[in-house]
Amino acid sequence: QAFLRRRRATLAILKSLGTPWRRLLAAYLLQTGALGLAGSLVGAAIGSAVPPLLAPWLAPLLPFPLAIGVSPLAILRGVAMGLGVTLLCALPPLLAIRDIPPSLVLRYEVETRRSNRRQLLAALPVTVGLSALALWQAGAWKVGALFIGGFAGGLALLFLIARLTLAGARQLPRARWLAWRQGVAALHRP
């Protein structure tokens, strides 16, 4: 989101010149995918290089022998997981490209708001994709379902805590100190 916020003027110019939003989305998805792939490859390289370095220190502490080796299948799975999670998590902010008006070139104050329906439609493939990746990584339906259920329960609990915090911030008396008053008021303002 921060990356796109910095690129709003550029995107508005490209849209005013006639570039379809789908082409812009594809370009930014390609960039995001390249970054995700690079990060996954760096993670795989670190994950392959560090265990042999730590094995001499860890082996005496463990009651079983360590089997150190590089598994190409595990590396491919890790890279696929990293790339998949990157693309799935980048999709909702990137879909906001559709809502950037070309008039932003002339008036920067133009503010666009995405509809709740669009946000839900953007969240659907992310949810399905992350659930599929969790099931694939777990290797068993029951373990994957337990993870997904626990994750959904945790998100629901965090959402409830956030809503209660916002409601509590509205009820707090006005503080005398300006910075404290502005900070508390910013919690529940749009």
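It should be emphasised that the depicted structure is a prediction, and the values quoted were computed from it without experimental measurement.

1. Focus: the overall build of the protein chain
When you go through the protein chain residue by residue, the secondary structure sums to seven helices and zero strands. Taken against the 2.2 N^0.38 rule, which gives 16 Å for 190 residues, the C-alpha radius of gyration of the protein chain at 23 Å runs more than 25% over that of a compact globule. For the protein chain, the C-alpha atoms occupy an extent of roughly 65 × 50 × 35 Å along the three principal directions. For the protein chain, the residues scored as buried account for 21% of the 190 residues in total. The contacts of the protein chain with a sequence gap of at least 6 include a subset with a gap of at least 24, amounting to 62%. Summed over its atoms, the accessible surface of the protein chain is roughly 13,800 Å², and 70% of this surface lies on carbon and sulfur atoms.

2. A word on the nonpolar core
When a protein is soluble and globular, its nonpolar side chains tend to lie buried together. L4, L11, Y28, L94, L95, I97 and I100 are the most contacted members of the largest nonpolar core, which totals 18 residues. Only α2 (8–16), α3 (21–58), α4 (72–95) and α5 (116–138) provide two or more residues apiece to this core. By residue number, the principal contributor to this core is α4, which donates six residues. Contact partners of L4, with chain neighbours within four places excluded, come to L11, P93, L94 and I97.

3. Describing the packing of aromatic side chains
One pass over the full model with this rule turns up two aromatic pairs. Ring centres 5.8 Å apart and planes at 65° place the aromatic pair F3 and Y28 in the edge-to-face group. Of the two residues, F3 is situated in helix α1 (residues 2–6) and Y28 in helix α3; the sequence distance between them amounts to 25 residues. When the ring of F147 is compared with that of F151, the centres are 6.1 Å apart and the planes differ by 20°; the resulting orientation is stacked. Of the two residues, F147 and F151 are both situated in helix α6 (residues 141–171); the distance of four residues between them amounts to about one turn of the helix. Given the relative accessible area of 48%, F151 is considered partly exposed.

4. Some details on the packing of α6 against helix α7 (residues 178–188)
Relative to each other, α6 and α7 sit at 135°, their axes nearing to 8 Å. It follows that α6 is oblique to α7 by the angle criterion. By crossing handedness, the relation of α6 to α7 is classed as left-handed. From α6, L166, A169 and R170 reach across to α7, where they touch V184, L187 and H188. Each residue belonging to the contact of α6 with α7 can be placed in one class, and the counts come to four nonpolar, one polar and one charged.

5. Examining the packing of α2 against α3
Close contact between α2 and α3 brings their axes to 10 Å; oriented N to C, the two are set at 140°. Taken together, the axes of α2 and α3 are oblique relative to one another. Judged by the twist between their axes, the crossing of α2 over α3 is right-handed. Contact residues: L11, L14 and K15 in α2; W21, L24 and Y28 in α3. Of the residues that constitute the contact of α2 with α3, the class distribution is five nonpolar, no polar and one charged.

6. A closer look at the environment of P72
Position of P72 among the secondary structure elements: in helix α4. Sequence-wise, P72 and A175 are 103 residues apart; in three dimensions their C-alpha atoms are separated by 59 Å.

What counts, and at which threshold
- Residues numbered from 1 in each chain as written.
- Predicted model: local features only at pLDDT ≥ 70, side-chain atom pairs only at ≥ 80, totals over all residues.
- Heavy atoms only, no water.
- Helix = DSSP H or I, 4+ residues; strand = E, 2+ residues; numbered from the N terminus.
- Rg over C-alpha atoms; globule rule 2.2 N^0.38 Å.
- Buried < 20%, exposed > 50% of the residue type's maximum accessible area, 1.4 Å probe, protein only.
- Contact = heavy atoms within 4.5 Å.
- Areas by Shrake-Rupley, 256 points an atom, 1.4 Å probe, with all protein chains shown as cover.
- Core = buried A, V, L, I, M, F, W, Y, C linked by side-chain atoms within 4.5 Å.
- Phe/Tyr/Trp six-rings, centres within 6.5 Å; stacked < 30°, edge-to-face > 60°.
- Axes fitted to C-alpha atoms, helices over the stretch in contact; angles between N-to-C directions.
- Parallel < 35°, antiparallel > 145°, perpendicular 65-115°, else oblique.
- Left-handed = near helix turned anticlockwise from the far one by under 90°.
- Nonpolar A, V, L, I, M, F, W, Y, C, P; charged D, E, K, R; others polar.

Purely spatial values, then, with no claim about function.
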